[in-house]
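A structural walkthrough
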Amino acid sequence: MKKLIYVLLLFTVFTACKEDLGSYEYTDINMLTIENIQETYLVSSGASPEIYPELEFTKDIHYKEDDYEFEWVSFKAGSLPGDKRSTVHKGKNFDVAFPLGIGTYDMFYVVKEKATGMSWRHKFSIRVEGTYRGGWAILYAAGDNAQVDYFEYNHANGDYPKSYRNFTKLFADGSTGKGFSLRGEPKFIQGWSVRNPSTGAASKYQLYMGADNTEKINITDGFVWDERYAFIFETAGGSAMTSIEKLYPVSAGSGFAYSNGNAFLTYNVFQYNFGTPINRLANGETFPIAPYIAINRVSSSSFIGLMYDTKNKRFVRSTGGGQTSTTPLAYNPASAAFDPNDVGMDLVWMGATNFSGGWAYAVLTKDNRYYLARMQNASAFVAQYLDEITDIPQIAQATAFAVDQLYGYMQYAVGGKLYQYDAGETKQAYLMKDFGSRQISMLKYDQGVVVPLSAAQNANNVATFGKRFLPALTALICATYDPANPSASGHVDFFETPQFNGAYETYYSFDGMGKVKDVCNVETPYGW
């Protein structure tokens with residue numbers, strides 16, 4: 001009897017299931033086709049990609065936008081999990097400025113139906129490029145880190161009306177999402193045309209910036225940056241050097257660098273990269289050098305760098321891309337002002353000028369006495385002059401120096417006072433500017449790498465190279481700040497320094513930065 005009951009129960013269950021077949025009501029789901037989105041968009045930094053998707057729903061033909069949510073999402077491959085997804089805009093159309101920096105981004109357009117939670121997405125990419133003209137880049141301290149402001153050149157008016165504050169915040173690696181940063185105190189900023197592994201076989205103009213780390217922006221390819229541009233990837237071996245303290249370009253593809261008492265060179269002709277110190281002799285002797293390299297851009301083919309050996313207190317040279325330094329230097333006791341191989345003094349500062357074919361100036365001291373050495377630093381080396389300058393005003397307190405590119409005057413700063421020393425004719429120092437309570441943080445001349453002074457002086461180039469670069473290549477650049485407000489009082493003047501110690505005239509000025517460490521003319525794009 002029990003068996004019969006079990007059979008009847010099973011029969012009843014299966015019969016019920018069988019009778020239920022086909023009793024469900026099936027409803028087509030709402031499907032979406034997304035059109036009018038290109039595979040890749042090329043967008044200028046700060047501009048809108050102007051994307052207007054066309055949506056076609058299978059069920060909601062006359063849809064209302066209020067019934068849906070729209071997101072534009074950047075996906076950063078290789079980032080930490082929490083950083084992979086970033087919503088850059090909400091709205092059916094992308095008709096606002098793209099908020100991320102220069103780089104290439106994987107993008108998703110996401111449409112979500114509010115009532116059901118169902119969503120659809122469409123993948124594409126956005127490449128953000130810089131459309132900046134050349135101009136001035138100013139490196140300064142911003143809290144515990146370094147920051148750069150950029151002032152763009154306008155050729156029509158011959159001025160710099162557009163400024164980009166905290167310029168490097170615009171740059172990010174499109175693959176990883178990592179933003180550009182300069183960590184620690186600012187050290188240098190320099191433009192240079194060079195070939196390296198990070199940018200390929202062709203020589204490209206790049207803007208190098210140094211703090212605790214050294215980075216560069218690829219100007220030639222549209223002001224772009226990614227993590228491959230870290231300085232470590234253009235060094236021999238890729239691990240010996242992660243940063244440098246100063247860069248000294250000589251010409252396109254050749255130049256010197258200084259870091260921690262050592263000098264390095266890169267030379268595209270022989271495919272040399274930074275990495276092995278050149279402050280050593282062929283016999284293996286090594287020596288530390290002062291943090292200055294006097295180069296010659298007039299005779300750039302000779303690839304000359306003059307250094308000062310702080311251990312043996314002597315001048316040494318690197319020429320022709322050699323991997324070692326040269327000593328002793330040429331010395332004729334009958335005509336030379338001093339023995340460059342046995343100076344016996346401490347170096348205070350050294351710089352270079354294009355004046356008279358390329359000279360090096362060096363301020364030296366011993367026993368509280370001060371001297372100015374002037375040396376012909378071309379294919380031939382001559383220790384031409386050594387003048388005692390102990391008695392010129394406040395030279396012992398000088399904190400910054402520069403040497404004029406046209407007439408060979410030496411400028412130096414003491415607090416807020418700017419002096420000019422005429423080493424050739426009067427042998428006197430003149431007070432040219434007094435900034436009162438403000439302090440001078442930097443003096444320099446920007447010698448240029450791409451555009452030589454001869455191109456700016458050429459009468460045929462008055463309306464182009466002359467208009468922009470003649471002031472840039474001849475101006476004394478002087479940065480000042482207020483010690484009571486160093487984070488926001490930075491000011492940079494570009495002074496014309498006339499012959500015969502004439503009064504300085506101002507070409508133009510920039511302000512609104514922190515305490516300025518360095519200034520660089522970003523030569524390309526030219527702007528016309």
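The structure this text deals with has already been given above.
Quick summary incoming for the structure in this document. What you are looking at is a predicted structure, and each value in this text was computed from that prediction instead of being measured.

Basis of the calculations
- Residues numbered from 1 in each chain as written.
- Predicted model: local features only at pLDDT ≥ 70, side-chain atom pairs only at ≥ 80, totals over all residues.
- Heavy atoms only, no water.
- Salt bridge = Lys/Arg side-chain N within 4 Å of Asp/Glu carboxyl O.
- Helix = DSSP H or I, 4+ residues; strand = E, 2+ residues; numbered from the N terminus.
- Buried < 20%, exposed > 50% of the residue type's maximum accessible area, 1.4 Å probe, protein only.
- Lys, Arg positive; Asp, Glu negative; His and termini not counted.
- Contact = heavy atoms within 4.5 Å.
- Polar contact = N/O pair within 3.5 Å; in protein donor to acceptor, adjacent residues only side chain to side chain.

**What to know about the pattern of salt bridges**
- This model, assessed by the stated rule, comprises twelve salt bridges.
- Across the salt bridge formed by Asp518 and Lys246, the nearest N and O atoms sit 3.6 Å from each other. Taken as a pair, Asp518 in strand β32 (residues 516-522) and Lys246 in strand β14 (residues 246-251) lie far apart in primary sequence, 272 residues in all.
- Accessibility expressed as a relative area gives 22% for Lys246, which makes it partly exposed.
- Here Glu388 ties to Arg369 by a salt bridge, and the two come within 2.6 Å at their closest N and O atoms. In this pair, Glu388 sits in strand β23 (residues 381-388) while Arg369 sits in strand β22 (residues 369-377), placing the two residues 19 residues apart along the sequence.
- Owing to a relative accessible area of 41%, Glu388 belongs among the partly exposed residues under this scheme.
- When salt bridges with common partners are traced through the structure, they connect Lys246, Lys444 and Asp518 into a single cluster.

**Quick word on the side chain of Glu113**
- By the element assignment, Glu113 lies in strand β6 (residues 103-113).
- One buried charged side chain, Glu113, makes no salt bridge at all; its nearest oppositely charged neighbour is Lys59, positioned 9.7 Å away.
- If we skip the residues at most four places from it in the chain, Glu113 touches Asn30, Asp67, Tyr68, Met118 and Trp120.

**Remarks on the environment of Asp434**
- By the element assignment, Asp434 lies in strand β27 (residues 429-434).
- On a C-alpha basis, the gap between Asp434 and Glu50 in space is 52 Å, while along the polypeptide they are 384 residues apart.
- Not counting residues up to four positions away in its chain, the partners in contact with Asp434 are Gly416 and Lys417.
- Within polar-contact distance, the side chain of Asp434 engages the backbone nitrogen of Gly436 at 2.9 Å.

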